[in-house]
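# Overview (structure and organization)
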Amino acid sequence: MEKSESKCAVIGYGSWATAIVKIFAENGVRVGWYIRNPEVLASVAEEGRNCKYLRDVDLDTTHIEPSDDINAVVADADTVVMAMPSAFTKTFLEPLTVPLAGKTIVSAVKGIVPGEYLSVAGYVIRRYSIPEERMCLVTGPSHAEEVGMGRLSYLTVVGTDDTLRRRVAARFERPYIRISYSEDIFGVEYAAIMKNIYALAVGLAVGLGYGDNFVAVLIANCAAEMERFLATISPRQRNICASAYLGDLLVTSYSTYSRNRRLGLLIGRGCTVRSAMNEMTMVAEGYYAAECIRHIASDSDTELPIADTVYEILYRNASARRKMLELTHKLI
């Protein structure tokens with residue numbers, strides 16, 4: 001199928017959704033963009049930019065059809081890209097009545113659907129009866145801000161059907177994008193979820209005054225903990241050092257763009273969890289992921305001392321300083 005003949009629907013209007021729309025439009029892909037926010041909708045339609053996220057990125061509106069009607073956006077699309085915060089998955093999809101059957105579904109979300117204890121891909125597959133082979137993931141390591149600036153970035157397209165994977169990848173091909181492939185839908189998605197928790201832990205450590213030496217050890221232990229968890233819930237051969245696992249963990253832990261790291265920083269510096277959340281201008285997926293991973297891990301014998309530490313601080317009002325000190329004796 002030629003790019004000019006196809007149409008993609010993008011659900012969500014945050015930074016990553018905006019970066020994806022930018023890529024598609026640059027590739028000449030017609031994009032139906034579901035935008036719930038009236039202010040953002042108006043700025044895209046009238047000015048060719050998102051007034052709230054990636055505000056300096058110019059969008060080629062000749063290929064973009066913004067709308068606040070999700071059914072109109074989805075009905076005419078052969079590919080539907082989920083790019084909203086996982087915490088609001090149900091809110092975004094609630095008005096949807098157009099069937100998703102026969103469409104390619106792409107999840108670019110790195111989080112758990114609250115109350116369901118399912119990843120976004122898992123939720124969509126179950127809720128809308130989507131065959132797994134029609135589902136793809138697009139993951140990093142990549143921050144939307146750098147993609148928006150056209151900086152060299154690497155994406156991994158994940159799916160069980162190679163033809164479908166490559167068709168999806170073609171929509172994302174740009175001179176500043178390098179693409180690799182994986183079949184590990186479950187492992188890659190849960191790695192992307194867990195790295196947000198671990199970035200929060202790194203932010204906590206830095207906010208509390210721990211130095212680079214400790215942070216390096218912490219992240220190394222995060223990678224090992226992630227590998228143990230994935231091996232328990234989805235046993236298969238995987239290279240944890242690949243970009244979709246370790247690379248995504250590293251960029252989220254170290255980058256100044258990382259909202260999860262920033263949330264941890266604020267709490268480590270003395271903010272309450274609630275005040276830190278209120279100060280954030282974007283959703284920190286790690287907050288919701290910490291509770292969901294705790295619930296999922298409770299059915300296994302896998303020890304997750306780092307994820308448990310973050311959970312205790314976020315949800316049990318535990319002292320960040322005391323819990324991090326306890327954690328230092330558990331790392332190797």
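Right above here is the structure, for reference.
What comes next is a walk through the structure. (Residues numbered from 1 in each chain as written. Predicted model: local features only at pLDDT ≥ 70, side-chain atom pairs only at ≥ 80, totals over all residues. Heavy atoms only, no water.)

Another point: the overall build of the chain. The helix and strand tally for the chain stands at 15 helices and 10 strands. Relative to the compact-globule value of 20 Å for 332 residues, the chain shows a C-alpha radius of gyration of 19 Å, a close match. Its C-alpha atoms give the chain principal-axis dimensions of about 60 × 40 × 35 Å. Here the chain holds 332 residues, and the buried ones make up 58% of them. In the chain, the share of contacts with a sequence separation of at least 24, taken over all contacts with a separation of at least 6, comes to 70%. (Helix = DSSP H or I, 4+ residues; strand = E, 2+ residues; numbered from the N terminus. Rg over C-alpha atoms; globule rule 2.2 N^0.38 Å. Buried < 20%, exposed > 50% of the residue type's maximum accessible area, 1.4 Å probe, protein only. Contact = heavy atoms within 4.5 Å.)

Here the focus is the packing of aromatic side chains. How two aromatic rings sit relative to each other is given by the distance of their centres and the angle of their planes. Evaluated as defined, the whole model comprises 9 aromatic pairs. An angle of 40° between the planes, with centres 6.1 Å apart, marks the rings of Tyr13 and Phe92 as tilted. Here the residue Tyr13 occupies a position in the loop between β1 (7–11) and α1 (15–26), and Phe92 occupies one in helix α4 (residues 89–93), the gap between them amounting to 79 residues. Residue classification places Phe92 among the buried positions, given a relative accessible area of 4%. (Phe/Tyr/Trp six-rings, centres within 6.5 Å; stacked < 30°, edge-to-face > 60°.)

As a further point, take the side chain of Glu285. When you line up the elements, Glu285 lands in helix α13 (residues 285–297). Despite its burial, Glu285 remains without a salt bridge, the nearest opposite charge being carried by Arg259 at 6.2 Å. (Lys, Arg positive; Asp, Glu negative; His and termini not counted. Salt bridge = Lys/Arg side-chain N within 4 Å of Asp/Glu carboxyl O.)

Across all of its chains, the model carries 20 salt bridges by this definition. Ionic pairing is found between Glu116 and Lys90, a salt bridge with its closest N-O pair at 2.6 Å. Taken as a pair, Glu116 in the loop between β6 (112–113) and β7 (118–119) and Lys90 in helix α4 lie far apart in primary sequence, 26 residues in all. Given a relative accessible area of 29%, Glu116 falls into the partly exposed group.

Another aspect to go through is the pairing of strand β8 (residues 135–139). Here β8 lies mainly inside the structure; 5 of its 5 residues are buried. Residues of β8 alternate between two faces, with Met135, Leu137 and Thr139 on one and Cys136 and Val138 on the opposite face, all of them buried. In this structure, β8 lies alongside strand β9 (residues 153–158), joined through 3 bridges in antiparallel fashion. Each bridged residue has a counterpart across the sheet, and for Val138 the counterpart in β9 is Val157. (Pairing = 2+ DSSP bridges.)

A few words now on the pairing of strand β4 (residues 79–82). Of the two faces of β4, the one carrying Thr79 and Val81 and the one carrying Val80 and Met82 are both buried. Taken together, the 4 bridges between β1 and β4 define a ladder with parallel strand orientation. Looking at the pairing, Ile11 lines up with Met82 of β4.

The topology assignment puts Thr309 in helix α14 (residues 305–315). Judged by relative accessible area, which is 5%, Thr309 ranks as buried. Residues within four places of Thr309 in sequence aside, it is in contact with Lys323 and Leu327.

Of all the residues in helix α15 (residues 320–328), the buried ones are Ala320, Lys323, Met324 and Leu327. Relative to the axis of α15, the buried residues are bounded by an arc of 95° and lie together on one face. More than 90 degrees from the buried face of α15, the exposed residues found are Arg321 and Arg322. Turning to α15, the residues buried within the fold contact α8 (185–207), α9 (212–233) and α14. (Arc of directions from axis to C-beta.)

One open sheet accounts for 8 strands, arranged β3-β2-β1-β4-β5-β8-β9-β10; its pairing is mixed. Taken across any chain shown, the strands that pair with only one partner, and hence form the sheet edges, are β3 (64–67) and β10 (177–182). Looking at each pair of strands side by side, their axes are set apart by 20° on average, direction ignored. Seen against the sheet, α1 touches β1, β2 (30–34), β3, β4, β9 and β10 and runs at an angle of roughly 160° to β2. Contacts from helix α2 (residues 38–47) reach β2 and β3, with the element oriented near 155° to β3. (Axes fitted to C-alpha atoms, helices over the stretch in contact; angles between N-to-C directions.)

For α1, built from 12 residues, the straight-helix expectation of 16 Å at 1.5 Å per residue is met to within 8% by its first-to-last C-alpha distance of 17 Å. The element α1 is largely enclosed, with a buried count of 11 among its 12 residues. Positive backbone phi, approximately 80°, marks Gly28, located one or two places after α1. (Expected span 1.5 Å × (residues − 1).)

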